[in-house]
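A closer look at the structure
Here's the letter readout for the chains.
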Amino acid sequence: MQGIVDQTRSIGPSINGVGFQCGWIGYFGYEMRHADRVLGKSASVPTMELGPDQRDNGDRLPDAQLTFVDRCIVVDHTHEPPQAYALALVAAVNNGCSSPAWVNTLGFRHQDEAADWVGHQAEEIRSWAKKRHCPSTTTPNSKPPTARMESDLSRAEYVDAIARAKQWIAQGESYEICLTTQFRLSLEMAAIKSARDMHSLYASMRRHNPAPYGALLWMGDLGAGVASCSPERFLRTTSGNNERWVEMKPIKGTSRRNPRPLKPEELAEWEEDDKRRAHCLQNDVKERAENLMIVDLIRHDLNWIAHNANVRVPSLMAIESYATVHQMVTTVQAQLRASVGDVGALAHCFPPGSMTGAPKLRTMRLLEELEAGNDRGVYSGCLGYFSAHGQSDWSVVIRTAVVDRGGARLSVGAGGALTILSDAKGEWDEVETKLQSVLPGISQFITHH
């Protein structure tokens, strides 16, 4: 895979501050946790080779799905008003390189064609900007009927798995186990059949639960999609001053937020309660222990690929607040060795430690038994891009709705980290808190679809 990414690098100037400038975009599901599947040894075709177990998986999505984007519109929301960029690649035909033939089929064939496309998109953007309407990103006042979802593990089965996990922890098999389950829903009359339908689902989820790493994927050839309101960055690589850096931002520690009141006289009481919840999370011994364990795991992962063991933690256990929850977030950074590419960095740290526990390898084996052999699929993996200008950015697939092939079924994963201090009721409450961050948006979509 690293060879494929290297062969599709752009040789033109990059735009400062714009992360994605064409390139590969998609996801790696949790079952891609075997590094050899991510890295791949053959770069003869622009697709990943799938094992026999992946070729016939019914309605499930592939374990990995990446698409090369040779033209795109990128909107930079850090400016006010936002800035939009129309970007297009031109194929480097007969460039004397030893790239496979398929590389020269990517992008426009001629510079003039690319310029015409960019000019047309620029006019479309200007026309849209004159009449644009900014949708609300606040939680709607009306509460839609709650969609009923079936869990792979019932509450009783989940509680039993917690007990077994704590036994293994007491025996020294692990010291943190990130147990999860999947909630599934038949869409029936609200089946998702198009990119427009998928966008409607994502927009509804985002209105209820805006998040910094939100993402929408629609795979028309599969009739499937992913709508994510993830608050967690998995991994980002950047370059500058002849150095390459990787940043990871694991989340461990969650506290529910009450909805902001509409009546002004209730606001002061709500603010006091909200600050109390954030303060309690910040000082919760169990939550801090969970966060620290994953931070140590990530520092260990990064140390193997860091230049001169240059790993640092600029922010430890900071509280970040979102529409429905407070989260405890740590930032870990490392300078990459020159021999480690973007794919290599991702593969070495995959899957996200915040979704496994520690120690990672042994804990993943325990999870296979605790979760009754159920595949996690896209959930718990990562979603993002390898940009053509040599950077990458990936989120952790949480707070996410995955629509199976054919658009008739939807799933949402949720879970939590278990330690020796875990309480079964509290852990199931955390699962429901995370599920409730996306369920209202899904319910609203079904009601109006």
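Residues numbered from 1 in each chain as written. Predicted model: local features only at pLDDT ≥ 70, side-chain atom pairs only at ≥ 80, totals over all residues. Heavy atoms only, no water.

Section: empty space enclosed by the protein
Rolled over the atoms, a probe sized like a water molecule indicates the empty space that remains. Applying the stated rule across the entire model yields four cavities of 30 Å³ or more. There is about 170 Å³ of room inside the largest cavity. Around the largest cavity, the lining is made up of 21 residues, and of these Lys252, Met355, Arg399, Gly415 and Lys434 lie nearest the centre. Going through the elements one at a time, β6 (176-186), β11 (251-256), β18 (409-418) and α11 (424-436) are the ones with two or more residues in the lining of the largest cavity. In terms of residue count, the dominant contributor to the lining of the largest cavity is β18 (five residues). Here the residues of the lining of the largest cavity are counted per class, giving eight nonpolar, eight polar and five charged. (1 Å grid on protein atoms, 1.4 Å probe; cavity = no way out; pocket = protein on both sides within 12 Å on 5 of 7 lines; lining within 4 Å. Points joined across faces, edges and corners; volume = space filled by probe spheres on them. Helix = DSSP H or I, 4+ residues; strand = E, 2+ residues; numbered from the N terminus. Nonpolar A, V, L, I, M, F, W, Y, C, P; charged D, E, K, R; others polar.)

Structural notes on the pairing of strand β8 (residues 224-230)
Of all seven residues in β8, seven are buried, a share of seventy percent or more. On β8, burial covers both faces: Ala224, Val226, Ser228 and Ser230 on one face and Gly225, Ala227 and Cys229 on the other are all buried. When strand β7 (residues 213-219) meets β8, the two strands line up antiparallel, connected through seven bridges. Bridge pairing in β8 places Ala215 opposite Ser228. Here β7 hands over to β8 after four residues, with Gly223 in that stretch at a positive phi of 65°. Taken together, the four bridges between β8 and strand β17 (residues 400-403) define a ladder with antiparallel strand orientation. (Buried < 20%, exposed > 50% of the residue type's maximum accessible area, 1.4 Å probe, protein only. Pairing = 2+ DSSP bridges.)

Focus on the nonpolar core
One finds Phe28, Phe234, Leu302, Leu346, Phe386 and Trp394 to be the most contacted residues of the largest nonpolar core, which totals 48 residues. Core analysis: the next-biggest nonpolar cluster, separate from the first, contains 40 residues, Ile192, Tyr202, Leu367 and Val438 among them. (Core = buried A, V, L, I, M, F, W, Y, C linked by side-chain atoms within 4.5 Å.)

Considering the packing of helix α6 (residues 195-208) against helix α12 (residues 439-448)
Close contact between α6 and α12 brings their axes to 7 Å; oriented N to C, the two are set at 135°. Taken together, the axis directions place α6 and α12 in an arrangement best described as oblique. Seen along the crossing, α6 lies across α12 with a hand that is right-handed. For the pair α6 and α12, the contacting residues are Asp197, Ser200, Leu201, Ser204, Met205 and His208 in the first and Pro440, Gly441, Ile442, Gln444 and Phe445 in the second. (Axes fitted to C-alpha atoms, helices over the stretch in contact; angles between N-to-C directions. Parallel < 35°, antiparallel > 145°, perpendicular 65-115°, else oblique. Left-handed = near helix turned anticlockwise from the far one by under 90°. Contact = heavy atoms within 4.5 Å.)

Things to note about the packing of helix α5 (residues 155-170) against α11
Running from N to C, α5 and α11 point in directions that differ by 125°, and their axes come no closer than 10 Å. It follows that α5 is oblique to α11 by the angle criterion. Pair α5 / α11 crosses with right-handed handedness. For the pair α5 and α11, the contacting residues are Arg155, Tyr158, Val159 and Ile162 in the first and Ala424, Lys425, Glu427, Trp428 and Val431 in the second.

Thoughts on a nonpolar patch on the surface
On the surface, Val285, Ile420 and Leu421 cluster together into a nonpolar patch covering about 300 Å² of accessible area. Positionally, Ile420 belongs in the loop between β18 and α11. (Patch = residues over 30% accessible without salt bridge, like charges linked within 9 Å, V, L, I, M, F, W, Y side chains within 5 Å. Areas by Shrake-Rupley, 256 points an atom, 1.4 Å probe, with all protein chains shown as cover. Salt bridge = Lys/Arg side-chain N within 4 Å of Asp/Glu carboxyl O.)

Thoughts on the packing of aromatic side chains
Across all of its chains, the model carries nine aromatic pairs by this definition. Look at Phe234 and Phe350: their rings are 6.4 Å apart centre to centre, the planes differ by 70°, and that puts the pair in the edge-to-face class. With Phe234 in strand β9 (residues 233-240) and Phe350 in the loop between α9 (342-349) and β14 (357-358), the pair connects residues that are 116 residues apart, well separated along the chain. Following the ring pairs from residue to residue traces out a cluster consisting of Phe28, Phe386 and Trp394. The ring centre of Phe108 lies 3.9 Å from the NZ or CZ of Arg71, which sits over that ring. One residue, Arg376, lies across the ring of Tyr30, its end atom 4.4 Å from the ring centre. (Phe/Tyr/Trp six-rings, centres within 6.5 Å; stacked < 30°, edge-to-face > 60°. Lys NZ or Arg CZ within 6 Å of the ring centre and 35° of its normal.)

Some thoughts on the environment of Phe386
Relative to the assigned elements, Phe386 resides in strand β15 (residues 382-387). Classification of Phe386 as buried rests on a relative accessible area of 1%. Between the C-alpha atoms of Phe386 and Gly19, which are 367 residues apart in sequence, the distance is 9.5 Å. In this structure, Phe386 is in contact with Met1, Val5, Cys22, Gly23, Trp24, Phe28, Asp342, Val343, Leu346, Gln391, Ser392 and Trp394, ignoring residues within four places of it in sequence.

Details of the pairing of strand β10 (residues 243-248)
Both faces of the sheet carry side chains from a regular strand, because those side chains alternate between them. Here five bridges tie β9 to β10, and the two strands are oriented antiparallel to one another. The partner of Arg236 across the bridge, within β10, is Glu247. Sheet topology places β10 next to strand β13 (residues 325-336); four bridges connect them, and they run antiparallel. Bridge pairing in β13 places Glu247 opposite Gln333.

Considering unusual backbone geometry
Following Glu80, the chain continues into Pro81 via a peptide bond in cis, with omega recorded as 0°. Looking at the element boundaries, Pro81 is found in the loop between β3 (71-76) and β4 (83-88). A cis amide bond, omega -5°, links Phe350 with the succeeding residue Pro351. Within the secondary structure, Pro351 sits in the loop between α9 and β14. Positive phi values are uncommon outside glycine, yet Asn308 reaches one of about 55°. With respect to the helices and strands, the residue Asn308 is situated in strand β12 (residues 306-321). Notably, Arg399 is not glycine yet its phi reads approximately 50°, a positive angle. Mapping Arg399 onto the fold places it in the loop between β16 (392-396) and β17.

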